[in-house]
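# Remarks on the overall topology
Chain residues, written in single-letter form:
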Amino acid sequence: MYLTQFAFPDGEREASFLMGIRRTCYDSFYPFQVLPKKALKFLEFEPITILYGGNGSGKTTVLNVMGEALKLTRDTLYNRTSFFEDYTKMCDWRLSEALPEASRIITSDDVFDFMLNLRTLNQGIDQKREELFSEYLEAKYSQFQMKSLADYDQLKKVNTARRKTQSRFVRESLMDNVREHSNGESAFLYFTSKINDSGLYLLDEPENSLSPEKQQELARFLEDSARFFGCQLVIATHSPFLLAMKGARIYDMDESPADIKPWTELVNVRAYYDFFKEHEKEFQKTSFSGL
């Protein structure tokens, strides 16, 4: 536990600030005028705290405000207006100890950019692979004769090509072929590479790009990170697999005021439950050995 409480300005304080702004040419005062609708004055945290809610519920705003106020590392830009600094000055928070340097906020945009970079890298690997195919064939079947020490590197290449199959020559000349990772595997790889021992991590809808199986795998990874490796997690999500994490404190941001609830009482989770209960007999008629 690093962050124990985070407090936001109430509607009256926000209104007082906005009344004092003489210029009126702004299209948005974001993040002002978002959280008062939820009557959200403060959050208290556990090792795993979850912000649940639909689009427009304010959960992403909460993470962005906290990330900005706590000066957490982030990889991509976000919807940051000129009023963010004014807003965070009105916030207050309590830390039980200084935040480790590894602490960061991770958003869907971060994961998307990571996957895009991998795709670009893959394209480079594909091009390099084709060059190596040609290089292999040229080296293996050349009539090369060493005439001086300047030809030594070429001699090594020819001998290497003649000792190895084409696939082995290419594979050993390239880095690990990241193309073998699906989007979901790449997204999961991003989380496991960024979430290290000891740190505060804010995660915005980490289930994006992840299959149900990968969401469950991520949930286990996050539980272990909090339980064994000194990590504190604040997660914005509506994934039932993440909502079911053991010991998580869940704030229902669809309520006003935002309320703490067990995951089994959340509307979206109940919708899943009711749907599968309605089709329970159909599941009983079929056998499945996928997991």
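Small disclaimer: the values here were computed from a predicted structure and weren't measured. (Residues numbered from 1 in each chain as written. Predicted model: local features only at pLDDT ≥ 70, side-chain atom pairs only at ≥ 80, totals over all residues. Heavy atoms only, no water.)

## Here's the deal with the nonpolar core
Residues Phe-8, Leu-43, Val-62 and Met-66 are the most contacted members of the largest nonpolar core, which totals 33 residues. At the level of secondary structure, the elements contributing two or more residues to this core comprise strand 1 (3-7), helix 2 (59-69), helix 3 (84-89), strand 6 (199-204) and strand 7 (231-236). It is helix 2 that contributes the most residues to this core, five residues altogether. For Met-66, the contacting residues outside a window of four places in its chain are Leu-3, Phe-6, Leu-43, Phe-45, Leu-202 and Val-234. Of all hydrophobic cores here, the second largest spans 26 residues; its members include Phe-191, Ile-195, Leu-222 and Val-269. (Core = buried A, V, L, I, M, F, W, Y, C linked by side-chain atoms within 4.5 Å. Buried < 20%, exposed > 50% of the residue type's maximum accessible area, 1.4 Å probe, protein only. Helix = DSSP H or I, 4+ residues; strand = E, 2+ residues; numbered from the N terminus. Contact = heavy atoms within 4.5 Å.)

## Remarks on a nonpolar patch on the surface
Taken together, the side chains of Tyr-272, Phe-275, Phe-276 and Phe-283 make up a nonpolar region of the molecular surface, amounting to roughly 430 Å² of accessible area. Position of Phe-276 relative to the elements: it lies in helix 10 (residues 267-278). Note on Phe-276: relative accessible area 41%, which makes it partly exposed. (Patch = residues over 30% accessible without salt bridge, like charges linked within 9 Å, V, L, I, M, F, W, Y side chains within 5 Å. Areas by Shrake-Rupley, 256 points an atom, 1.4 Å probe, with all protein chains shown as cover. Salt bridge = Lys/Arg side-chain N within 4 Å of Asp/Glu carboxyl O.)

## Describing empty space enclosed by the protein
All chains considered together, the criterion is met by one cavity of 30 Å³ or more. What the largest cavity holds in volume is close to 40 Å³. Every residue along the wall of the largest cavity is listed here: Thr-107, Ser-108, Val-111, Phe-191, Asp-204, Glu-205, Pro-206 and Asn-208. Along the lines of polarity and charge, the residues of the lining of the largest cavity split into three nonpolar, three polar and two charged. (1 Å grid on protein atoms, 1.4 Å probe; cavity = no way out; pocket = protein on both sides within 12 Å on 5 of 7 lines; lining within 4 Å. Points joined across faces, edges and corners; volume = space filled by probe spheres on them. Nonpolar A, V, L, I, M, F, W, Y, C, P; charged D, E, K, R; others polar.)

## Examining the environment of Asp-204
Position of Asp-204 among the secondary structure elements: in strand 6. Here Asp-204 falls in the buried class, since its relative accessible area comes to 11%. Counting along the chain gives 96 residues from Asp-204 to Ser-108, while the straight-line C-alpha distance between them is 6.5 Å. Among residues more than four places away in sequence, those in contact with Asp-204 are Thr-60, Leu-63, Ile-106, Thr-107, Ser-108 and Ala-236. A polar atom in the side chain of Asp-204 sits 3.2 Å from the side chain of Thr-60. (Polar contact = N/O pair within 3.5 Å; in protein donor to acceptor, adjacent residues only side chain to side chain.)

## What about the packing of aromatic side chains?
Under the counting rule described, the total for this entry stands at 12 aromatic pairs. An aromatic cluster of three or more residues is present, and its members are Phe-17, Phe-29, Phe-32, Phe-83 and Tyr-87. (Phe/Tyr/Trp six-rings, centres within 6.5 Å; stacked < 30°, edge-to-face > 60°.)

## Quick notes on the pairing of strand 1
As judged from the four bridges shared by strand 1 and strand 4 (residues 92-95), these two strands associate in the antiparallel manner. Looking across to strand 4, one finds that Ala-7 is bridged to Asp-92. (Pairing = 2+ DSSP bridges.)

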